[in-house]
Every structure is written in C-alpha cells, then in structure tokens.
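# Structure at a glance
For reference, the chains in residue letters:
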Amino acid sequence: MSPHAVTATRPFPNGVYTPLITPFTADEELDLQAWETQVLRLTKAGMGLVLLGTNGEADGLADEERVTLIKSARAVLDKNGYPDVPLLVGTGVGSAHHTIKVTADAKAAGADYAIVIAPGYFAFAMGKNRAAVKSFFTEVLDKSALPVMIYNFPGAAAGIDLDSDMLKELADHPNCFGAKLTCAGIGKGSRLAQYTQSPEYLARHGPFQVLPGFSDYLLPAMVSRHTGCITGTGNVIPKTMIKLYNTAVSALASGSPKELAEAQKIQDIVSNADWAIVKAGIGGTKYALDQFIQPGLGGHSRRPIPAADDAIKAMLDKEMAESIAYEKSL
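For the structure given in this document, a descriptive report is provided here.

Basis of the calculations
Residues numbered from 1 in each chain as written. Predicted model: local features only at pLDDT ≥ 70, side-chain atom pairs only at ≥ 80, totals over all residues. Heavy atoms only, no water. Helix = DSSP H or I, 4+ residues; strand = E, 2+ residues; numbered from the N terminus. Rg over C-alpha atoms; globule rule 2.2 N^0.38 Å. Buried < 20%, exposed > 50% of the residue type's maximum accessible area, 1.4 Å probe, protein only. Contact = heavy atoms within 4.5 Å. Areas by Shrake-Rupley, 256 points an atom, 1.4 Å probe, with all protein chains shown as cover. Lys, Arg positive; Asp, Glu negative; His and termini not counted. Charge placed at Lys NZ, Arg CZ, Asp CG, Glu CD. Core = buried A, V, L, I, M, F, W, Y, C linked by side-chain atoms within 4.5 Å. Salt bridge = Lys/Arg side-chain N within 4 Å of Asp/Glu carboxyl O. Polar contact = N/O pair within 3.5 Å; in protein donor to acceptor, adjacent residues only side chain to side chain. Pairing = 2+ DSSP bridges. Right-handed = clockwise from strand over helix to strand, strands pointing away. Axes fitted to C-alpha atoms, helices over the stretch in contact; angles between N-to-C directions.

### A few points about the overall build of the protein
- Along the backbone of the protein there are 13 helices and 8 strands.
- Taken against the 2.2 N^0.38 rule, which gives 20 Å for 330 residues, the C-alpha radius of gyration of the protein at 19 Å falls within 12% of a compact globule.
- Each principal axis of the C-alpha atoms in the protein carries an extent, and together these give about 55 × 50 × 40 Å.
- The proportion of buried residues among the 330 residues of the protein is 55%.
- In the protein, of all internal contacts separated by at least 6 residues, the share reaching a separation of at least 24 is 75%.
- A total accessible area of about 13900 Å² is found for the protein, and carbon and sulfur atoms account for 55% of it.
- Averaging the positions of the 30 positive and the 34 negative side-chain charges in the protein gives two centres separated by 3 Å.

The following block contains the structure:
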C-alpha cells in the first residue's frame, strides 16, 4: 500500500493535552460515570484529551473496553456542546497487524487521531534492529485509518528509544502528524521541530506536532520550538497547565521580560507538581484526583498497578499543596 494521508475529522491545535486516567470500580470494572466526569472537567478547563494512553492503563483493557471508553467520551462531549474537541487515542499494541485493527476500531468509535508506541513486549527480538522498528511504524502509518502520532516512551517500550534521525524519517510519511517524546530529550525535540517547521517541510507535508511527555520543562521546550506538551499532571491541575502554556506563548511572541518572568514563575510550580506526580505514578495520580478534586474521580486501578501507599499519599499531600492552591486560584 502506498503512503497516504488520512484526512482528520477535527483539527489538532497546538497546546497542552492530558492522557486521562481510566477509573475503575473496586471490582476493577470500568467506572463510566467517573470517566465522563473527568472528560468534561478537563474539556471545560480548555485541556486537550488523550484517551487510552499509559496513564489510562490501556495495556490492561480489552479491545471492546477501548471502544466503550472512546464512544463514551465522544458522546458526552457531543451532548454537552463540545462537538469540535478532537480525540487522540492510544492504539499501539503488540503487533502492527493488531495495531491497525485497534486503530480502525477506534475510528469507528469516534477517535480522530491515533498515538502509537513501539511494541515493547518483543524488544528482545527487534528493539535493537533499527530496520525492524522503522518497519513496524511504517506499516502502521501506511495502513492506519487515522493520522498517527509517534509515541516515544522507552520506559514503557522495554527501552526502545527512537532517535531524532528516525523520527525525522517517520515524520516524512504523509500520515504522520506528530511525535510525543516521553524520553525527556529536549535536544531530540529541538532537532525534530527544526526539521518539521522548515518552509520546505511545511510546503510538502503540513503542520507537525512535537510534544514533550512531561510538563516540568514545558517553557524551555517551547523556546526550543516544541508545540505544547502531553502531561499526566494535567489530570489534576489542568487550568495551571493551560495558564503556563498561554503565558509562554504570549511571552515568546512579545519578548516581554515581565511575561517571561510570569511564565517562569508558573513553570516552577508546574515543575514541582510534575515531579510529585511522576514519583507517585498512576495510583498516586488517582489518589490526587480523589483527595484534591472529587472523591471517586480517580477510582481504582487494575492489577498489577498498585494503589498509592501511605508514603506516597503523604508525599503528594505535601508536594502538591502549592500547585493545588494555585489551581484553585484560577
């Protein structure tokens, strides 16, 4: 099949996006009421949505549960006056063949874009084989029913780490619209952004997203041409994330030292909060939602994901205090 570009239903603007947690009941069933509450809460704050990512425990979901969650999110958005909000959905699984099927199912359920991680289970067989890694992504890009964002997260892909050379090669595919870099490689992102923001690239391809997977360096990443970020911490403090992004955009456009100082101040708050959430993990993020936002909003996880223990809870109570207070002030 020759390379093709799939036309998206809804535009994907620059900005800040959050990979939603997936709330479960005590018996590990989907809690759709909590799910829909969080979808609406983040949307009302102006936060972009990423469904079924690492934070969403996607690897522990059955294919039909993925479809249920996508349909639920799309329905609650449409019902509440947000029909133009795009849904970026995690569809990367253990093989190219299955990933292509999951992506087609996601489109039928209401997804607009797919985000695909390398198949880490087979890293022992292909992780160090550059041609094999590229072949996986190329097949997905060729056959995907949705535009695809590359998800580079070595920690969740058994160490598979795409370098900027490979990312630039994949970015040339007409169906590749971005990359999420949960590798903390700001230099890698800078090189990719330089390439994809050149007049020559834009003339033949169109806009390309370069998004760090952490918000603790969002401001310096934007100085290095990144287009926003995808941050799990946005589950808890979405308005703070939007404030940081908007202030950074304005400061970079105006060159105002005052606005830059304000962006630095907010970045300090976000950097501390992001590190607390990273230390706390998925179970800790769910505790933070239950503790600081609304009881039951985070819910339970499926094993083997552990719940937050007393030490994590105490850490979050202390280290999230500043950011929660700032969030409530907005």
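Here the narrative resumes.
### Things to note about the nonpolar core
- Counting 97 residues, the largest nonpolar core has L49, L51, L88, F137, I150, L162 and M320 as the members making the most contacts within it.
- Examining the composition of this core, we find that 12 residues originate from one element, helix α11 (residues 257–293), more than from any other.
- Filtering out sequence-adjacent residues up to four positions away, L162 remains in contact with V133, F137, I150, N152, L167, L170 and K188.

### Considerations on the pattern of salt bridges
- Taken as a whole, this structure holds 13 salt bridges when the rule is applied.
- With a shortest N-O distance of 3.2 Å, R74 and D78 are connected by a salt bridge. Pair noted here: R74 and D78 are both in helix α2 (residues 63–79), with a separation of 4 residues, about one helical turn.
- By relative accessible area, R74 is classed as buried at 7%.
- Given a relative accessible area of 37%, D78 falls into the partly exposed group.
- Residues joined in a network through salt bridges with shared partners are R10, R74, D78 and D112.

### Topic: unusual backbone geometry
- In this structure, the amide linkage connecting R303 to the following residue, P304, adopts the cis form with an omega of 20 degrees.
- For P304, the location among the structural elements is in the loop between α11 and α12 (310–319).
- Even without being a glycine, A158 presents a positive backbone phi close to 55 degrees.
- Counting through the fold element by element, A158 comes out in the loop between β5 (148–152) and α6 (164–171).
- Of note, A184 is a non-glycine position whose phi angle comes to about 60 degrees, a positive value.

### Structural notes on the side chain of T247
- Turning to its location among the elements, T247 is positioned in helix α10 (residues 238–254).
- Judged by relative accessible area, which is 11%, T247 ranks as buried.
- Engagement of the side chain of T247 in a polar contact is seen with the backbone oxygen of K243, the distance being 2.7 Å.
- For T247, the contacting residues outside a window of four places in its chain are E259, E262, A263 and I266.

### Some thoughts on the pairing of strand β3 (residues 87–90)
- Taking every second residue as pointing to the same face, both faces of β3 are buried, with L87 and V89 on one and L88 and G90 on the other.
- Relative to β3, strand β2 (residues 48–51) runs parallel, the two being bridged by 3 bridges. Bridging across to β3, L49 finds its partner in L87.
- As for the winding sense of the linkage, the β-α-β connection from β2 through α2 to β3 is right-handed.
- The pairing of β3 with strand β4 (residues 113–117) spans 3 bridges and is classified as parallel. By the bridge assignment for β4, G90 is matched with I115.

### Side note on the sheet that holds β4
- Strand order across the open sheet formed by 8 strands is β7-β6-β5-β4-β3-β2-β1-β8, with parallel pairing between neighbours. Strand pairing shows two members of the sheet lacking a second neighbour, β7 (209–212) and β8 (228–230), which therefore form its edges. Within this sheet the neighbouring strands show an average axis-to-axis angle of 20 degrees, counted without direction.
- Looking at chain direction, β5 and strand β6 (residues 176–181) are connected through 5 bridges and run parallel. For V148, the partnering residue across the bridge sits in β6 and is C176.
- Its contacts with the sheet place helix α5 (residues 130–143) against β4, β5 and β6, and it is angled at close to 165 degrees to β4.

### Section: the pairing of β6
- The buried count for β6 comes to 6 of 6 residues, which makes it a mostly enclosed element.
- Each parallel crossover has a hand, and the one from β5 via α6 to β6 is right-handed.
- For β6 and β7, the ladder comprises 4 bridges, and the chain directions are parallel. In the sheet register, L181 faces β7, and the bridge partner there is P212.

### Details of the side chain of T227
- With respect to the helices and strands, T227 occurs in the loop between α9 (218–223) and β8.
- Once you skip the residues sitting within four places of it in the chain, T227 turns out to touch N14, G15, Q197, F208, Q209, V210, L211 and Y245.

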